[in-house]
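Coordinate inspection notes
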Amino acid sequence: MKPVITPVILLILFLASCTPPSPQEKPGSRTITDMAGRTMIVPGTISRIYVNRPGSILLYAIDPKLIVNRSFNFTPEAARFLSEEYLALPHTEGSAEEILNLGPDLILTFFDINPGSIDEADKLAERTGIPVYLVSLALEDYPEVFRRLGRLLDRQEQTDRMQRFIDEHVDPVLEQATTIDEAGKLSVYYAEGDRGLHTDPAGSIHSRLIDMTGGVNAADIDVVSRKGLSEVSMEQLIMWDPDIVLVWAGLGTMTPTMEHIQNDPLWSRLRASQNDRIYQVPYLPFGWFDRPASINRLLGIPWLADLLYPDLYGIDIEDVVAQYFRVFYHYELDSEETQTLLNP
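Residues numbered from 1 in each chain as written. Predicted model: local features only at pLDDT ≥ 70, side-chain atom pairs only at ≥ 80, totals over all residues. Heavy atoms only, no water.

**Observations concerning the nonpolar core**
Generally speaking, a soluble globular protein has its nonpolar side chains buried in company with each other. In this structure, Ile295, Leu298 and Phe325 are the most contacted members of the largest nonpolar core, which totals 102 residues. If one sorts the elements of this core by residue count, helix α13 (residues 297–308) sits on top with eight residues. With residues up to four places along the chain from it excluded, the contact list for Ile295 reads Ile57, Leu58, Ala61, Phe110, Tyr142, Phe146, Met162, Tyr324 and Phe328. In terms of nonpolar packing, the next biggest core, distinct from the first, is built from 11 residues, Leu102, Leu124, Ala125 and Val132 among them. (Core = buried A, V, L, I, M, F, W, Y, C linked by side-chain atoms within 4.5 Å. Buried < 20%, exposed > 50% of the residue type's maximum accessible area, 1.4 Å probe, protein only. Helix = DSSP H or I, 4+ residues; strand = E, 2+ residues; numbered from the N terminus. Contact = heavy atoms within 4.5 Å.)

**Digging into helix α15 (residues 317–328)**
The terminal C-alpha atoms of α15, which comprises 12 residues, lie 16 Å apart, in line with the 16 Å expected from a rise of 1.5 Å per residue. Of all 12 residues that make up α15, nine are buried, and the element is covered over most of its length. Among the residues making up α15, those that are buried are Ile317, Val320, Val321, Ala322, Gln323, Tyr324, Phe325, Val327 and Phe328. On its buried face, α15 sits against α2 (53–62), α7 (142–153), α8 (156–177), α13 and α16 (335–342). Looking at the residues trailing α15, positive phi occurs at His330, about 55 degrees. (Expected span 1.5 Å × (residues − 1).)

**Some points on the environment of Ile41**
By secondary structure assignment, the location of Ile41 is in strand β2 (residues 39–42). C-alpha separation for the pair Ile41 and Thr31, spaced 10 residues apart in sequence, amounts to 4.5 Å.

**Let's talk about the pairing of strand β6 (residues 187–191)**
The buried fraction of β6 amounts to five of the five residues, a majority that puts the element mostly inside the structure. Neither face of β6 is open: one carries Ser187, Tyr189 and Ala191, the other Val188 and Tyr190, and all of them are buried. When β6 meets strand β8 (residues 216–217), the two strands line up parallel, connected through two bridges. Each bridged residue has a counterpart across the sheet, and for Ser187 the counterpart in β8 is Val216. Across four bridges, β6 lies against strand β10 (residues 244–247) in parallel orientation. Across the sheet, the residue bridging to Tyr190 is Leu246, located in β10. (Pairing = 2+ DSSP bridges.)

**Quick notes on the packing of α8 against α13**
To describe two helices that pack against each other, one gives the angle between their axes and the distance between the axes. The interhelical angle for the contact between α8 and α13, taken along N-to-C directions, is 45 degrees, at an axis separation of 9 Å. Relative to α13, α8 is oriented oblique. Regarding α8 and α13, the two cross each other, and that crossing is left-handed. Residue-level inspection shows Phe165, Ile166, His169, Val170, Val173 and Leu174 of α8 in contact with α13, the latter providing Leu298, Ile301, Pro302 and Ala305. (Axes fitted to C-alpha atoms, helices over the stretch in contact; angles between N-to-C directions. Parallel < 35°, antiparallel > 145°, perpendicular 65-115°, else oblique. Left-handed = near helix turned anticlockwise from the far one by under 90°.)

**Re the pairing of β2**
With burial as the criterion, only one face of β2 is covered, namely that bearing Met40 and Val42; the residues Thr39 and Ile41 on the opposite face remain uncovered. Sheet topology places strand β1 (residues 30–33) next to β2; four bridges connect them, and they run antiparallel. Bridge pairing links Thr31 to Ile41 in β2. Adjacent in sequence and paired antiparallel, β1 and β2 are bridged by five residues, among which Gly37 carries a positive phi angle near 85 degrees.

**Examining the sheet that holds strand β4 (residues 106–111)**
Across the sheet, three strands lie side by side as β3-β4-β5; this open sheet has parallel pairing. Unpaired on one side and paired on the other, β3 (49–51) and β5 (132–136) mark the two borders of the sheet. With strand direction ignored, the average angle separating the axes of adjacent strands in the sheet is 25 degrees. Direction of pairing for β4 relative to β5: parallel, over a ladder of five bridges. The residue bridging Ile107 from the neighbouring strand is Val132, located in β5. Sitting on the sheet, α2 touches β3, β4 and β5, and the angle it makes with β3 is about 130 degrees. Taken strand by strand, α7 contacts β3, β4 and β5, and its axis lies near 150 degrees from that of β5.

**Points about unusual backbone geometry**
Between Leu284 and the following residue, Pro285, the backbone shows a cis peptide bond with an omega angle of -10 degrees. Topologically, Pro285 is positioned in the loop between β11 (278–280) and α13. Cis geometry is adopted by the peptide bond preceding Pro292, which originates at Arg291 and carries an omega value of 5 degrees. Inspection of the secondary structure assignment puts Pro292 in the loop between β11 and α13. Its identity as a non-glycine residue notwithstanding, Asp276 has a phi of 55 degrees, on the positive side. Structurally, Asp276 can be placed in the loop between α12 (271–274) and β11. A residue is classified by how much of its surface remains accessible, and Asp276, at 64% relative accessible area, is exposed. Its identity as a non-glycine residue notwithstanding, Arg291 has a phi of 50 degrees, on the positive side. Here Arg291 is to be found in the loop between β11 and α13.

Structural data, given as structure tokens:
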């Protein structure tokens, strides 16, 4: 018996053929999974990306031409190391309206992966209709971050260069640090706030480089929050009496903290002051130690290792700095610039 095709069936077939394809059916689109295990549909070629603040430094290293927004304001000191095209991008605060106006193919979020950040990513994707790709901010995850983004953005040659910097200048430090005897480790205080009496103890994302390079965080207090900046007293600091003090850095400018420390007689009672071992963290174009806690810390690891134990590590820090700027900022330093960066 032959099937009967009624006018109703013909109408249904006609309407189905006229229905435009859903976003999932667009030619060249692909399904991907981010580091939080979230799946999404993205274009075959991604050329416009909205990125959060920590991710700005990451994506600038991969390819600044992919970025559609700027999350930081820069001093002239910092701006000299960044491209004019990037500096001309619109500054944004991250609202859904701002993102939609820029028309990105993808939103890249470089942050801690936890239920809160996953929920925020889901909500942002829902509000904008744009896929939100989460990658982990944890230092130990950077190799996977580089591999994933290299493949996703078709920039594997550049992300391979970024990985080689880790292989050559970060991993050897981390391995060597494990050989330092506990009794021989230097104590380090991270001075934050205008008077240097805020800090981040061991376990904080903001002071991880101390432990990673073989130092001991002098601050014997609890971590207060992810934001950090635990308040301490001068009496506590004198009691801890660190071997070394690191003074925090501002964004592209020196904070007033070092000047205060140098002029406050109470700080002169510290062993670090008496031994001339209070150091300003380099801060151009971003702080090398922290704030923002992004891939700028990859340069901070060999810098701090060389500062703490130069004989142990044997690092040619000028060469390392030049390599980092070449790979991650696409900038060729001259020797004078390198010295200026290292001696803020």
